[in-house]
Amino acid sequence: MSELLETIIKENDIRNIDPKDYPALAKELRLKLVRSVSRTGGHLASNLGAVELTMALHLCLDFPKDKLVWDVGHQSYVHKLLTGRADVFDTLRCLGGISGFPKVRENESDTFDTGHSSTSISVALGFAKARDLKGTDERVFAVIGDGALSGGMAFEALNNAASLHSNMVVVLNDNKMSIAKNVGGMSNYLGKIRANRKYRDLKVNVENALDRLPNLGKPITRHIKKAKSSLKHLLIPGMMFEDMGLIYIGPVDGHNIDEMVTAFHTASSIHDQPVLVHVLTKKGKGYRPAEKKPDVFHGVGAFDIRSGQPEREDTVTYTGIFGQWMIDTAAKEETMVSVCAAMPDGTGLREFSEKYPERFYDVGIAEEHAVTFAAGLAAGGLRPVVSLYSTFMQRAYDQLLHDVCINGLPVILTLDRSGIVGKDGETHQGIFDISYLSSIPGITVLSPMDGEELKISMDYAMYHQKAPVAIRYPRGAAYVYKGTHTAIEYGKAEVLQEGTEVLILAVGNMVKTALETADRLKGSGICPTVVNVRFVKPFDEALVERLSKSHSYVVTMEDNVYSGGFSERIQAFLLSCGWRGRHCIPVCLPDSFIEHGAPEELYEKYGMSAAAAAERIEREVKQ
């Protein structure tokens with residue numbers, strides 16, 4: 001560990017460091033970030049840009065008494081280092097190690113578990129209201145990025161913040177200058193003057209004095225307020241926030257600790273109103289590859305520090321296959337358009353956006369809007385493809401149900417990162433999509449088993465469906481099935497291997513595991529039938545009923561929780577059919593939130609590897 005960082009063994013220890021050593025500490029923190037993330041992977045660029053910001057917050061706040069809520073939370077690595085977790089930081093995102101996001105169970109200073117965007121202001125407002133009702137005096141800060149501020153929930157919270165007649169501080173970490181491009185001394189000066197208590201007290205005293213003048217006072221006061229408001233709207237970039245009931249301070253240099261400490265102390269001293277401090281930072285600061293390509297180093301796997309290049313060679317991924325399908329199909333289908341929510345790279349749409357910019361819509365971090373916008377596009381005669389991560393599709397459940405499915409619109413939804421995602425942990429695992437999608441009438445849900453089937457599933461959705469379709473697929477390298485796929489027929493499964501006694505019904509990513517399980521069982525004299533389910537909704541009831549009659553054991557395999565999932569639905573179906581087999585064996589995830597770790601480790605831990613599944617089936621058959 002570095003020299004100064006070694007002295008920080010618990011929260012608030014940063015206050016023991018001489019201010020002249022702050023630049024050296026910032027350098028040590030960046031070195032620690034680059035070295036650790038190069039081995040474990042993680043969110044690097046955002047953390048490099050927030051080093052001085054986090055230091056300033058820790059110099060101003062008293063942990064764990066004061067409450068600091070990180071929006072999303074992937075920029076909280078420095079906070080972890082400054083709260084005494086430097087000695088275990090090398091376990092970041094590893095099974096059993098520390099999380100890449102705030103976790104209260106990990107350290108009380110983390111305040112609130114986060115992982116999804118645009119939530120911090122709502123949470124902080126709740127903390128502030130609770131504080132006021134209890135009569136305590138802790139300070140409440142929320143840190144939100146300029147991207148997250150595009151989410152509708154953030155604006156709902158800002159609108160509600162006006163009702164808080166006490167202090168709460170929102171720190172806007174703006175690393176793209178997307179709100180106020182004109183940064184200079186005048187806006188800085190006006191922001192500080194407006195937030196200064198002496199100025200505010202003087203303003204109130206002058207207004208009160210004028211109001212007391214007979215006949216003239218109130219009209220003069222009204223004219224002064226109108227003139228002041230007009231001038232502020234012309235000169236001050238933060239008036240939108242002022243109009244919503246927050247005092248605006250900024251822009252502030254996000255790499256100048258003294259400026260930020262002054263701004264944060266000033267913001268905390270305003271007791272009767274919420275405050276927004278606008279901080280400008282440089283994403284990836286201090287590591288040249290991340291500065292040049294902050295988007296690449298937003299979420300990165302293990303990489304070589306010197307070159308910045310990823311350690312592993314490029315492989316054909318499901319995301320890449322989907323992206324190429326979009327480009328190929330757009331050339332033939334002029335009505336096809338693409339919608340995503342601030343993730344063009346993550347969802348494989350970067351090349352599409354460059355080739356067909358007029359048919360590509362990135363709506364920002366606004367999943368709810370993305371889905372209803374797509375409903376409008378479809379109602380207007382276009383064929384929208386909405387591309388979201390499985391975990392973020394959860395945020396638009398009502399819009400999918402109410403705006404897309406009730407209207408029966410031909411919207412295609414692609415859910416990337418379905419199943420176990422891995423090192424991002426509970427908030428990012430795509431293990432609920434089968435449950436929440438299956439609950440909606442009128443939607444078709446496909447889960448392709450390999451890269452080739454992903455392409456034919458997309459073709460099926462585009463050319464053979466005139467109603468809502470959702471296609472879910474996992475993160476990472478695409479499985480290549482050595483056999484030949486049959487043509488897709490609505491609601492029909494595909495028998496890959498015929499056997500006896502044991503019937504394995506496998507969904508999507510788990511078909512590969514099912515085939516490996518079958519190979520293992522053959523060594524024990526058990527030859528199972530393996531079915532690629534393909535359609536999760538509606539599933540192939542006729543095939544399941546027919547095959548269940550000739551098999552004593554039915555095994556369901558899915559990368560989803562049991563509750564509301566495919567396994568539960570199959571069990572209910574078999575019960576309704578009066579199945580007389582011996583046992584139904586669900587190989588799926590438990591009804592719990594799944595921690596971070598490598599996917600293969602998590603599948604093994606939860607009994608979903610081929611070895612674990614084969615052992616369980618053999619035990620059931622031979623008992």
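In what follows, the structure referred to is the one given above.
Keep in mind it's a predicted model, so treat the numbers as computed, not measured. (Residues numbered from 1 in each chain as written. Predicted model: local features only at pLDDT ≥ 70, side-chain atom pairs only at ≥ 80, totals over all residues. Heavy atoms only, no water.)

Enquirer: Would you mind showing me how to read helix H5 (residues 120–134) here?
Expert: Since the α-helix turns once every 3.6 residues, residues separated by three or four places project in the same direction. Taking 1.5 Å per residue as the helical rise, H5 with its 15 residues ought to reach 21 Å, and the 21 Å between its terminal C-alpha atoms agrees with that figure. The set of residues buried in H5 consists of Ser120, Ile121, Val123, Ala124, Leu125, Ala128 and Arg131. Gly135 occupies a position one or two residues after H5 and carries a positive phi of about 80°. (Helix = DSSP H or I, 4+ residues; strand = E, 2+ residues; numbered from the N terminus. Expected span 1.5 Å × (residues − 1). Buried < 20%, exposed > 50% of the residue type's maximum accessible area, 1.4 Å probe, protein only.)

Enquirer: Can you help me understand the pattern of salt bridges in this one?
Expert: For side chains of opposite charge, pairing can occur when their charged atoms come near one another. One pass over the full model with this rule turns up 28 salt bridges. Note that Glu426 is salt-bridged to Arg105, the shortest N-O span being 2.7 Å. A residue pair is termed long-range when its members are at least 10 positions apart, and Glu426 in the loop between strand S9 (412–416) and helix H18 (433–438) and Arg105 in the loop between helix H4 (77–85) and H5 qualify at 321 residues. Looking at Glu426, the relative accessible area reads 15%, which means it is buried. On the basis of relative accessibility, which here comes to 58%, the residue Arg105 falls in the exposed class. Each of the salt bridges in this network shares a partner with another, and the network as a whole consists of Lys80, Arg85, Glu106 and Asp110. (Salt bridge = Lys/Arg side-chain N within 4 Å of Asp/Glu carboxyl O.)

Enquirer: Can you help me understand the nonpolar core in this one?
Expert: One recurring pattern in soluble globular proteins is that nonpolar side chains are buried together. Formed by 59 residues in total, the largest nonpolar core has its most connected members in Phe352 and Met557. Top element by residues in this core is helix H13 (residues 318–330). It accounts for seven residues. Sequence-distant contacts of Met557, defined by excluding residues within four places in its chain, comprise Ile504, Leu505, Ala506, Val507, Met510, Thr513, Ala514, Thr517, Val587 and Ala613. Counting 56 residues, the second-largest nonpolar core is a separate cluster that includes Leu5, Leu82, Ala263 and Phe264. (Core = buried A, V, L, I, M, F, W, Y, C linked by side-chain atoms within 4.5 Å. Contact = heavy atoms within 4.5 Å.)

Enquirer: Teacher, can you tell me more about the packing of aromatic side chains here?
Expert: By convention here, two paired aromatic rings are described through the distance between centres and the angle between planes. All chains considered together, the criterion is met by 17 aromatic pairs. A ring pair is formed by Tyr287 and Phe297, whose centres lie 5.8 Å apart and whose planes are at 85°; its orientation type is edge-to-face. Here Tyr287, found in the loop between strand S5 (275–280) and helix H12 (288–292), pairs with Phe297, found in the loop between H12 and H13; they are ten residues apart in sequence, far enough to count as distant. Taken as a pair, Tyr287 and Phe297 share a single burial class, namely buried. Between Tyr361 and Phe373, the aromatic rings sit 5.3 Å apart at their centres with planes inclined by 85°, giving edge-to-face as the arrangement. Highlighted residues: Tyr361 in strand S7 (residues 360–362) and Phe373 in helix H15 (residues 367–379), separated in sequence by twelve residues. Using a relative accessible area of 25% as the deciding quantity, one classes Phe373 as partly exposed. Through successive ring pairs, a cluster of aromatic residues spans Tyr287, Phe297 and Phe303. Against the face of Tyr356 rests Arg359, its NZ or CZ located 4.9 Å from the ring centre. (Phe/Tyr/Trp six-rings, centres within 6.5 Å; stacked < 30°, edge-to-face > 60°. Lys NZ or Arg CZ within 6 Å of the ring centre and 35° of its normal.)

Enquirer: Please clarify how the side chain of Asp416 should be interpreted in this entry.
Expert: Summarising the element assignment, Asp416 is placed in strand S9. Assessed through its relative accessible area of 1%, Asp416 is described here as buried. The contact partners of Asp416, leaving out residues within four places of it in the chain, are Thr319, Gly346, Thr347, Leu388, Tyr389, Ser390, Tyr473, Pro474 and Arg475.

Enquirer: Would you mind showing me how to read the pairing of strand S17 (residues 583–589) here?
Expert: Residues in a regular strand point their side chains to alternate faces of the sheet. Counting buried positions over the seven residues of S17 gives six, a clear majority of the element. As defined by bridge partners, strand S16 (residues 551–561) adjoins S17 across six bridges and the pair is classed as parallel. Pairing of Val554 across the sheet is with Cys584, part of S17. Where the polypeptide runs from S16 across helix H22 (residues 566–576) and back to S17, its parallel neighbour, the crossover connection is right-handed. (Pairing = 2+ DSSP bridges. Right-handed = clockwise from strand over helix to strand, strands pointing away.)

Enquirer: Looking at this model, I keep getting lost on the sheet that holds strand S10 (residues 444–446). Mind explaining?
Expert: In sheet architecture, strand pairing relies on hydrogen bonds along the backbone and comes in two forms, parallel and antiparallel. An order of S7-S6-S8-S9-S11-S10-S15 is seen for the seven strands of this open sheet, with the pairing classed as mixed. Where the open sheet ends on each side, the last strands, each with one partner, are S7 and strand S15 (535–537). Across the sheet, the axes of successive neighbouring strands diverge by a mean angle of 20°, strand direction being ignored. As paired elements, S10 and strand S11 (residues 469–472) share three bridges and run parallel to each other. For Thr444, the partnering residue across the bridge sits in S11 and is Val469. Helix-sheet contacts for H13 involve strand S6 (336–340), strand S8 (383–389) and S9, and the interaxial angle to S6 is about 145°. (Axes fitted to C-alpha atoms, helices over the stretch in contact; angles between N-to-C directions.)

Enquirer: Is there a simple way to think about the environment of Phe392 in this case?
Expert: Structurally, Phe392 can be placed in helix H16 (residues 390–393). Its relative accessible area of 13% is what places Phe392 among the buried residues. C-alpha separation for the pair Phe392 and Asp433, spaced 41 residues apart in sequence, amounts to 10.0 Å. Filtering out sequence-adjacent residues up to four positions away, Phe392 remains in contact with His116, Glu367 and His428.

Enquirer: Would you explain the sheet that holds strand S1 (residues 67–70) in this entry?
Expert: Taken in spatial order, the five strands line up as S1-S2-S3-S5-S4 in an open sheet, and their pairing is parallel. Every interior strand has two partners, whereas the edge strands, S1 and strand S4 (247–253), have only one. For this sheet, the mean inter-axis angle between neighbouring strands, taken without regard to orientation, is 20°. In the sheet, strand S3 (residues 169–174) pairs with S5 via six bridges, with the strands oriented parallel. Note on S5: the bridge partner recorded for Asp174 is Leu280. Along the sheet, H5 contacts S1, strand S2 (140–145) and S3; its crossing angle with S2, the most-contacted strand, is approximately 175°. Sheet strands touched by helix H11 (residues 257–268): S2, S3, S4 and S5. Its angle to S4, the strand with the most contacts, is close to 170°.

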